[in-house]
Amino acid sequence: MKAIREREAIKVITTHYIDGAFVESHGREVMNIIRPTDGQVIGSVTLADEEDTRRAIAAAKRAFATYGRSTTDERAQILRRLHAAASARRDDLTAAMVEEYGGVIQFAGLIVDSGISAFQAAEKALQEIPWRRSWDKTTVTLEPVGVAGLITAWNANALFLCLKIASAVAAGCTVVIKPSELSSMQTQVLVEALHEAKLPKGLLNVVTGLGNVVGAELVRNPDVAKISFTGSVAVGETIMRDGAATMKRMTLELGGKSPTVLLDDAALDKAIPAALTMAFMNSGQACAAGTRLLVPMSRLDEVKRAILDAMRAFTVGDPADPNIAVGPMVSQKQYERVESYIRKGIEEGAEVLVGGEGRPEGLEAGYFVKPTVFVNVKNDMTIAQEEIFGPVLSVIAYDSEDEAIRIANDSKYGLHAAVLGTDIQRARRVASQLRAGRVVINGMTDDPQAPWGGFKYSGVGREYGRYGIEAFLEPKAVLE
Ligand code: NAD
């Protein structure tokens with residue numbers, strides 16, 4: 001962790017980004033920024049209050065009067081400028097994610113790259129949307145919904161912010177962003193980068209503060225037409241309930257407990273590393289993490305051996321080291337949450353195949369946990385039902401394909417799922433029966449034009465591609 005300590009220099013953030021400029025915070029509360037690898041204070045951020053939020057909303061409202069009437073060519077040009085501006089700071093964005101969040105460098109780089117490419121993807125999707133349709137004496141146009149409040153989680157800051165900005169801007173909306181307060185440094189780098197895109201004043205506003213202060217103001221303010229939220233189910237429920245008073249449009253990207261269905265014809269040398277990658281990506285702090293591995297009973301012993309073998313690649317340690325696969329949890333609170341679930345799994349009778357309670361040896365200072373695989377898990381155990389948001393995998397045995405599908409769908413969540421098998425027709429048949437917004441076959445993959453979002457408690461609405469842009473639009477008909 002020497003590399004990290006050498007990069008010292010306390011960062012003090014006292015401004016928000018409102019109406020095209022960095023302005024001093026009206027809110028006075030100061031929060032420390034803690035480095036998760038060693039628990040040291042590496043900076044501070046002055047948190048916004050309701051007044052900062054209202055100023056940002058007012059700026060976005062003024063800007064919407066003009067930007068809401070922009071052409072798709074003008075929006076495409078703005079997306080190109082945003083892409084160039086974010087690309088120029090790619091390495092700084094990655095370094096901030098490693099330092100402040102503890103994201104392992106290879107994955108952090110992928111997250112930042114997909115955030116940057118979201119601007120290009122939105123520009124492409126823009127061309128596919130039927131903005132105007134006419135028949136007889138009727139004309140239907142797709143209109144931007146208005147000022148959008150964008151509220152995000154801490155586990156992939158650059159991706160969430162870029163993705164939501166790209167979709168909203170493509171639709172013709174102006175935005176007020178409330179990033180996670182745990183991502184203040186990463187947000188600062190991104191906003192400095194996007195400032196160079198020289199956007200119309202008030203199009204992009206960013207206020208970092210607490211959820212129950214800044215987030216709550218966005219949700220209740222009548223000048224905000226839409227909330228696009230990424231975070232927990234509990235907060236999503238609050239936002240949906242409180243937003244009803246002003247009839248807010250909602251996109252809610254919430255949690256997951258994603259199943260990975262290993263079929264009995266799977267080649268374990270490839271399938272098990274793929275399953276573990278999906279479970280432990282982003283140190284397990286991923287909404288789409290495949291945290292339930294469903295295994296045919298007939299191959300259970302073989303699978304256990306393959307897991308033990310493949311786990312050697314999932315080393316824990318300094319996230320700045322390119323050989324490390326799992327970094328620390330984001331905070332002490334998250335560390336304790338993950339540890340409490342590992343304890344609960346043991347108490348409920350699951351068997352620890354690898355990992356377990358406590359910090360890994362030599363990593364006592366930071367918020368590191370041991371990547372843990374439980375076997376003998378029943379799907380009704382707490383560790384199989386609740387989202388842990390850490391590197392904890394539950395292996396659940398099944399007897400038949402039908403039973404595998406039933407277990408996979410026996411969850412309040414439905415964000416993501418995976419099928420691993422050799423017979424592709426059969427894998428597709430199983431995929432078609434899984435109740436999830438996205439299903440990947442034979443390993444984690446992405447398509448920025450494919451919808452992202454959840455069935456059931458995993459959320460409402462979709463992001464990515466034209467689906468993401470449509471979430472910021474209202475159809476309007478003019479009849480003569
Ligand atoms: P969280 O719900 O605690 O916080 C998310 C955001 O909401 C933060 O910015 C927070 O400050 C804000 N917030 C809190 N209270 C609020 C309120 N009353 N009104 C308005 N805003 C409020 O979630 P988190 O701990 O930051 O992130 C982890 C969760 O996010 C996990 O459940 C994970 O599954 C989910 N997540 C989902 C996706 C997805 O795409 N579906 C992606 C990443 C993370």
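Criteria and thresholds
Residues numbered from 1 in each chain as written. Predicted model: local features only at pLDDT ≥ 70, side-chain atom pairs only at ≥ 80, totals over all residues. Heavy atoms only, no water. Near = heavy atom within 4 Å. Polar contact = N/O pair within 3.5 Å; in protein donor to acceptor, adjacent residues only side chain to side chain. Areas by Shrake-Rupley, 256 points an atom, 1.4 Å probe, with all protein chains shown as cover. Helix = DSSP H or I, 4+ residues; strand = E, 2+ residues; numbered from the N terminus. Pairing = 2+ DSSP bridges. Axes fitted to C-alpha atoms, helices over the stretch in contact; angles between N-to-C directions. Contact = heavy atoms within 4.5 Å. Buried < 20%, exposed > 50% of the residue type's maximum accessible area, 1.4 Å probe, protein only. Arc of directions from axis to C-beta. Lys, Arg positive; Asp, Glu negative; His and termini not counted. Salt bridge = Lys/Arg side-chain N within 4 Å of Asp/Glu carboxyl O. Parallel < 35°, antiparallel > 145°, perpendicular 65-115°, else oblique. Left-handed = near helix turned anticlockwise from the far one by under 90°. Nonpolar A, V, L, I, M, F, W, Y, C, P; charged D, E, K, R; others polar. Core = buried A, V, L, I, M, F, W, Y, C linked by side-chain atoms within 4.5 Å.

A. Inspection of the site of the ligand at higher detail. Neighbouring the ligand are 27 residues, the closest being Thr152, Lys178, Ser232, Leu254 and Glu387. Lysine 178 places a polar side-chain atom, nitrogen or oxygen, 2.8 Å from an oxygen atom of the ligand. Contacts to the ligand include glycine 211, whose backbone N or O atom sits 3.4 Å from an oxygen atom. Considered on its own, the ligand offers 850 Å² of accessible surface; in the complex 86% of this is hidden by protein. Elements supplying a minimum of two residues to the shell around the ligand: helix H8 (211-220), strand S11 (226-230) and helix H9 (233-243).

B. Geometry of the sheet that holds strand S13 (residues 259-262). With respect to topology, seven strands assemble into an open sheet ordered S15-S16-S17-S14-S13-S19-S20, the strand pairing being mixed. On the outer flanks of this sheet lie strand S15 (351-354) and strand S20 (438-441), each paired with one strand and no other. Neighbour-to-neighbour, the strand axes of the sheet open up by a mean angle of 25°, direction not taken into account. Here strand S16 (residues 372-375) runs beside strand S17 (residues 392-398); their pairing, made up of three bridges, is parallel. Paired with phenylalanine 374 across the bridge in S17 is serine 394. Helix H12 (residues 332-347) contacts S15, S16 and S17 of the sheet and is inclined by roughly 20° relative to S16. The sheet strands contacting helix H14 (residues 401-409) are S13, strand S14 (292-296) and S17, and the helix crosses S17 at an angle near 145°.

C. Representation of helix H11 (residues 300-310) within the structure. Buried within H11 are the following residues: Leu300, Val303, Lys304, Ala306, Ile307 and Ala310. In an axial view of H11, the angular spread of the buried residues amounts to 165°, which keeps them on one side of the axis. Of the residues in H11, the exposed ones pointing more than 90 degrees away from the buried face are Asp301 and Arg305. Tucked into the core, H11 has its buried residues touching S13, helix H10 (268-280), S14, S15, S16 and S17.

D. Highlighting the pairing of strand S4 (residues 30-34). Taking every second residue as pointing to the same face, the buried face of S4 carries Met31 and Ile33, while none of Val30, Asn32 and Ile34 on the other face is buried. With antiparallel pairing between neighbouring strands as the criterion, S4 and strand S5 (residues 41-46) make up a hairpin whose turn holds six residues, including glycine 39 at a positive phi of roughly 70°.

E. Geometry of the side chain of glutamate 100. Within the secondary structure, glutamate 100 sits in helix H4 (residues 90-101). No salt bridge is formed by the buried glutamate 100; its nearest oppositely charged neighbour, lysine 11, is found at 10 Å. A polar side-chain atom of glutamate 100 sits 3.0 Å from the main-chain amide nitrogen of serine 184. Apart from the residues within four sequence positions on either side, glutamate 100 is in contact with Ile33, Ile34, Pro36, Leu182, Ser183, Ser184, Met185 and Gln186.

F. Representation of unusual backbone geometry. Backbone geometry at asparagine 376 places phi at a positive 55°, although glycine is not the residue there. Within the secondary structure layout, asparagine 376 lies in the loop between S16 and helix H13 (382-385). According to the relative accessible area criterion, asparagine 376 is partly exposed, its value standing at 40%. In the Ramachandran plot, phenylalanine 389 falls in the positive-phi region, its phi being about 65° despite a non-glycine side chain.

G. Seen up close, the sheet that holds strand S23 (residues 473-479). Pairing is antiparallel in the open sheet, where three strands are placed in the order S6-S7-S23. Each end of this open sheet is capped by a strand with a single partner; those strands are strand S6 (132-135) and S23. On average, each strand axis in the sheet is tilted by 20° relative to the strand beside it, whichever way the strands run. Two elements, S6 and strand S7 (residues 138-144), share four bridges in a ladder whose sense is antiparallel. Bridging from a neighbouring strand, serine 134 pairs with threonine 139 of S7.

H. Summary view of the packing of helix H3 (residues 72-87) against helix H5 (residues 105-126). It is at 8 Å that the axes of H3 and H5 come closest, and there the two elements cross at 165°. The orientation of H3 with respect to H5, classified from their angle, is roughly antiparallel. Of the two elements, H3 crosses H5, and the hand of that crossing is left-handed. Along its contact with H3, which presents Thr72, Arg75, Ala76, Leu79, Arg80, Leu82, His83, Ala86 and Ser87, the element H5 presents Ile116, Ser117, Phe119, Gln120, Ala122, Glu123 and Leu126. When its residues are assigned to classes, the contact of H3 with H5 shows eight nonpolar, five polar and three charged.

I. View of the packing of H4 against H5. Two numbers describe how H4 lies on H5: the axes approach to 9 Å, and their chain directions differ by 130°. The angle between H4 and H5 falls in the class oblique. Between H4 and H5 lies a crossing whose hand is right-handed. Contacts between H4 and H5 involve Arg90, Leu93, Thr94, Met97 and Val98 on the former and, on the latter, Ile105, Ala108, Gly109, Ile111, Val112, Asp113 and Ile116. Of the residues belonging to the contact of H4 with H5, the class tally is eight nonpolar, two polar and two charged.

J. Just the pattern of salt bridges, in detail. For the coordinates displayed, the defined rule picks out 27 salt bridges. A salt bridge links arginine 90 to aspartate 91, with the nearest nitrogen and oxygen atoms 3.2 Å apart. A salt bridge links arginine 312 to aspartate 309, with the shortest nitrogen-to-oxygen separation between them at 2.4 Å. Assessed through its relative accessible area of 62%, arginine 312 is described here as exposed.

K. The arrangement of the nonpolar core in detail. Core analysis: the biggest nonpolar cluster contains 71 residues, and Leu82, Phe119, Ile165 and Leu204 have the highest contact counts within it. Of all the elements in the fold, those that place two or more residues in this core are H3, H4, H5, strand S8 (147-151), helix H6 (157-171), strand S9 (174-178), helix H7 (184-195) and strand S10 (204-206). Here this core takes twelve residues from H6, the largest share from any one element. Those residues in contact with leucine 82 that sit more than four places away from it in its chain are Phe119, Ile165, Val169, Leu194, Ala197 and Leu199.

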